[in-house]
Amino acid sequence: MKHKSELSFPNIHKLLKSVLIGLIVCLGLLCLYYGWSFGPGSRRSDEETSGSDGSDPIFGGFVLHRDFDDLHEDQEHNSEVTKSMLVCDLQFSELIPCIDRNLIYQLKLKPNLTLMEHYERHCPPPERRYNCLIPPPLGYKIPIRWPESRDEVWKANIPHTHLAQEKSDQNWMVVNGDKINFPGGGTHFHDGADKYIVALSRMLKFPADKFNNGGNIRNVLDVGCGVASFGAYLLSHHVIAMSLAPNDAHENQIQFALERGIPSTLGILGTKRLTYPSRSFELAHCSRCRIDWLQRDGILLLELDRLLRPGGYFVYTSPEAYAQDPENRRIWNAMSDLLKRMCWKVAAKKEQSVVWAKPLTNSCYLKRDPQTQPPLCNSDDDPDASWNVSMKACISRYSAKVHKEKGSGLAPWPQRLTTAPPRLEEIGVSPEEFQEDTGIWRFRVIEYWKQMKSVIQKNSIRNVMDMNSNLGGFAAALNGKDVWVMNVAPVRVSSRLKIIYDRGLIGTVHDWCEAFSTYPRTYDLLHAWAVFSEIGERGCGAEDLLIEMDRILRPDGFVIIRDKPAVINYIRKFLTALKWDGWLSEVEPRVDALSSSEERVLIARKKLWDEGLTAM
């Protein structure tokens, strides 16, 4: 007779086997879920995966529960630095987190394709962020330096050649061995942007065929810019263009422009206002930019109207301008009628190009029939509001002061860089405060360059970003150097961006709790004054911002972080993991009128990664 336990053993064995299989299936499904949900990498260091700093060990998002002073106090008891950060898969080497159409599909968003909403910003929620470092493509090289970069870049840095074939008849770009060359052509200037610019200057009878019109044209908006050759050749005329194009079917055009060292950015005339204040540009340019200007009661032309200064020009080079067939004549007649109702006048017209001019005053608007379309904007509309603001199908009238003075009252370039602009009073800043700010930043930049003197090579810095531009003093202090600066006004002080443009500089509004709309490896130098303190007060993650700065910083590039000592001490913890320890300097700067509290300056240099790191 067998024992009862011996008789039940097979049943126990089957039960254990079933439980084990169930656990394996559950574990597999759990891994699959998190692998799908959270992108190419979760947050990074040995220290963080234990959850010791308040981060979630699975989601990996840094949660700032306390201020930097508390974090610094903890660090005095545990000074261990973060040893490593995960590296994203190589397929994400060109990731733009807030312009990622895969995200739109994954989040099941339903953008209106006819209104180009799928090209606008759609940022991932915190749990879907790519919390890993973006690797460079295989074979990446330190970019060719300006001014040579205007005409050639390394093919390995942007390994996309479809535009060379697609635009071969327009002289956009040519593949030449391990480089890509840019002959300076465009959709309607195959013989070169330089000749095209001179032709436009002659059309408008500008002195000496110079496009800057004696310093009165400085800021240009080039929409649908291609690889930005128009903007590249404007620089020799002392004109700076914000070259703008979407990440569309020609998705790498702005990437090429930035690699060349030309001021440019991603953007789309869709449903939202462009992130610039009113009256920012003397001229807008469209060379066969494939934009339907007549859609939605002309709302896109009305957006240009908002952005143009009094008397500003719109240069339109397209078949419609010379109307060779019935469809082109229809478009031309409809545009002419709309622009006439907007009080624009034809300033010049020749062959394929027409130039309209915006009125200097409100006089024409006041003479229109009250029922005329498009209407004037309501008096409570703020034409300078631009961050996540929908476009409006109305005309932004001038203030009584601008109407009376018949213009913006700006000095010609380069005097306007240091002349206090009239709009200062709109933000409550006196001319004396403006001049003091200019002097302080001139001194601060001199001190920065003294610190970096031993490591900066000639022409090693071209693309610069000031992440908290204030009145533009940092960029103004760099005017003598062969660089351009993207001035970024945080949303809470976005009204100050109008001063940037009035000084003849360029910039944009941005919220640093989100990713910036640019490609990886875009800038040679990032300047962050009190940026970490500002986002910390809002509960946004310092590590998220460090990862974003790394994404847009070129290898061999520099970061200058000026902030409270507790912030600097905390950031130092991540420098080795970020590969920002190629060269370091830290000083306590002189206290000045802009110092709201004690500050320290940290300057770090990003290393060129070993290719082996991209396989992590």
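To start, this report covers the structure provided alongside it. Everything numeric in this text was worked out from a predicted model, so none of it was measured.

Looking only at helices and strands, the protein features 18 helices and 17 strands. For the protein, the residues scored as buried account for 56% of the 616 residues in total. As presented, the protein carries roughly 26,800 Å² of accessible surface, and 53% of it is formed by carbon and sulfur atoms.

With that settled, consider the state of the cysteines. Put plainly, a disulfide is one covalent bond tying together the sulfur atoms of two cysteines. Scanning the model with the defined rule gives six disulfides in all. The residue that forms a disulfide with Cys 343 is Cys 364, at a sulfur-sulfur distance of 2.1 Å. One disulfide, between Cys 343 and Cys 364, carries an S-S torsion of -80° and so falls in the left-handed class. Residue Cys 343 is located in the loop between α10 (326-341) and β9 (345-350), and its partner Cys 364 is located in helix α11 (residues 363-367); the two are separated by 21 residues in the primary sequence. Take Cys 343: its relative accessible area is 5%, and that puts it in the buried class. Under the relative-accessibility criterion, Cys 364 is labelled partly exposed at 32%. One disulfide in the model links Cys 377 with Cys 394; its S-S distance is 2.0 Å. Its torsion about the S-S bond being 90°, the disulfide of Cys 377 and Cys 394 is classed as right-handed. Of the two residues, Cys 377 sits in the loop between α11 and α12 (400-405) while Cys 394 sits in the loop between α11 and α12, which places them 17 residues apart along the sequence. Of the two residues, Cys 377 and Cys 394, both sit in the buried class. Within the protein, bonded cysteines paired by disulfides and numbered along the sequence follow the pattern 1-4, 2-3, 5-6, 7-8, 9-10, 11-12.

Attention now goes to the sheet that holds strand β7 (residues 281-287). Ordered by their spatial adjacency, seven strands build an open sheet running β6-β5-β4-β7-β8-β10-β9, and the pairing between neighbours is mixed. Every other strand in the sheet has two partners, leaving β6 (264-266) and β9 as the edge strands with one partner each. Shown here is a sheet whose adjacent strand axes are inclined to one another by a mean of 20°, direction ignored. In this structure, strand β4 (residues 219-223) lies alongside β7, joined through three bridges in parallel fashion. In the sheet register, Val 220 faces β7, and the bridge partner there is Leu 283. The strands touched by helix α6 (residues 193-203) are β7, β8 (308-317), β9 and β10 (353-357); relative to β10, the strand with the most contacts, the crossing angle is about 50°. Contacting β5 (240-245) and β6, helix α8 (residues 253-260) runs over the sheet at an angle of about 150° to β6.

In this section: empty space enclosed by the protein. All chains considered together, the criterion is met by four cavities of 30 Å³ or more. Within this model, the largest cavity holds a volume of roughly 70 Å³. In terms of lining, the largest cavity is formed by Tyr 140, Asn 157, Ile 158, Gln 255, Leu 258, Glu 259, Tyr 519, Pro 520, Arg 521, Thr 522 and Arg 554. If you tally residues by element for the lining of the largest cavity, the top one is α8, at three residues. For the lining of the largest cavity, the class distribution of residues is five nonpolar, three polar and three charged.

This part takes up the pairing of β8. Of all 10 residues in β8, nine are buried; the element is thus mostly enclosed. Direction of pairing for β7 relative to β8: parallel, over a ladder of six bridges. Looking at the pairing, His 285 lines up with Val 315 of β8. Taken together, β7, helix α9 (residues 295-307) and β8 constitute a β-α-β crossover, and its handedness is right-handed. Relative to β10, β8 runs antiparallel, the two being bridged by five bridges. Paired with Thr 317 across the strands is Ser 353, a residue of β10.

Before going further, it helps to spend a moment on the sheet that holds strand β3 (residues 179-181). Strand order across the open sheet formed by three strands is β1-β3-β2, with antiparallel pairing between neighbours. The strands lining the two open edges of the sheet, one partner per strand, are β1 (152-154) and β2 (174-176). On average, adjacent strands in this sheet sit at an angle of 30° to one another, irrespective of strand direction. In terms of strand pairing, β1 meets β3 through three bridges, oriented antiparallel. Counterpart to Trp 154 in the pairing with β3 is Lys 179.

Attention now moves to the side chain of Ser 533. Looking at where Ser 533 falls in the secondary structure, it is placed in helix α16 (residues 531-537). For Ser 533, a relative accessible area of 11% puts it in the buried group. Within polar-contact distance, the side chain of Ser 533 engages the side chain of Asp 563 at 2.3 Å. In contact with Ser 533, not counting residues within four places along its chain, are Asp 563, Lys 564 and Val 567.

Take α9 next. Look at α9: 18 Å from first C-alpha to last across 13 residues, which is about the 18 Å you get at 1.5 Å a residue. The buried fraction of α9 amounts to 11 of the 13 residues, a majority that puts the element mostly inside the structure. Of all the positions in α9, only Gln 295, Gly 298, Ile 299, Leu 300, Leu 301, Leu 302, Glu 303, Leu 304, Asp 305, Arg 306 and Leu 307 are classed as buried. Buried-residue contacts for α9 involve β4, β7, β8, α10 and α11.

Our focus in this paragraph is the environment of Ile 291. On the secondary structure map, Ile 291 appears in the loop between β7 and α9. The class for Ile 291 is partly exposed, based on a relative accessible area of 22%. Along the primary structure Ile 291 and Gly 224 are separated by 67 residues, whereas in three dimensions their C-alpha atoms are 8.1 Å apart. For Ile 291, the residues in contact, after removing those within four places along its chain, are Val 223, Leu 269 and Leu 300.

So, about the environment of Leu 133. Within the element layout of this structure, Leu 133 appears in the loop between α4 (101-106) and β1. Remark: the alpha-carbon pair of Leu 133 and Arg 551, spanning 418 residues in sequence, is separated by 6.8 Å. Those residues in contact with Leu 133, other than ones at most four positions away along the chain, are Met 85, Leu 86, Val 87, Cys 88, Ile 547, Asp 550, Ala 577, Leu 578 and Trp 609.

Applying the stated criterion to the full structure yields 38 salt bridges. A salt bridge links Asp 524 to Arg 145, with the shortest nitrogen-to-oxygen separation between them at 3.5 Å. Of this pair, Asp 524 sits in strand β14 (residues 523-529) while Arg 145 sits in the loop between α4 and β1, and the two are 379 residues apart along the sequence. Given the relative accessible area of 3%, Asp 524 is considered buried.

Every buried residue of α6 is listed here: Ala 193, Tyr 196, Ile 197, Leu 200, Ser 201 and Met 203. Across the axial projection of α6, the buried residues extend over an arc of 160°, all falling on one side. Away from its buried face, by an angle of more than 90 degrees, α6 presents the exposed residues Lys 195 and Arg 202. The elements touched by buried residues of α6 are α7 (229-234), β7, β8, β9 and β10. Phi turns positive one or two residues past the end of α6, at Lys 205, with a value near 55°.

Parameters at a glance
- Residues numbered from 1 in each chain as written.
- Predicted model: local features only at pLDDT ≥ 70, side-chain atom pairs only at ≥ 80, totals over all residues.
- Heavy atoms only, no water.
- Helix = DSSP H or I, 4+ residues; strand = E, 2+ residues; numbered from the N terminus.
- Buried < 20%, exposed > 50% of the residue type's maximum accessible area, 1.4 Å probe, protein only.
- Areas by Shrake-Rupley, 256 points an atom, 1.4 Å probe, with all protein chains shown as cover.
- Disulfide = S-S within 2.5 Å.
- Pairing = 2+ DSSP bridges.
- Axes fitted to C-alpha atoms, helices over the stretch in contact; angles between N-to-C directions.
- Contact = heavy atoms within 4.5 Å.
- 1 Å grid on protein atoms, 1.4 Å probe; cavity = no way out; pocket = protein on both sides within 12 Å on 5 of 7 lines; lining within 4 Å.
- Points joined across faces, edges and corners; volume = space filled by probe spheres on them.
- Nonpolar A, V, L, I, M, F, W, Y, C, P; charged D, E, K, R; others polar.
- Right-handed = clockwise from strand over helix to strand, strands pointing away.
- Polar contact = N/O pair within 3.5 Å; in protein donor to acceptor, adjacent residues only side chain to side chain.
- Expected span 1.5 Å × (residues − 1).
- Salt bridge = Lys/Arg side-chain N within 4 Å of Asp/Glu carboxyl O.
- Arc of directions from axis to C-beta.

None of this, on its own, says anything about what the molecule does.
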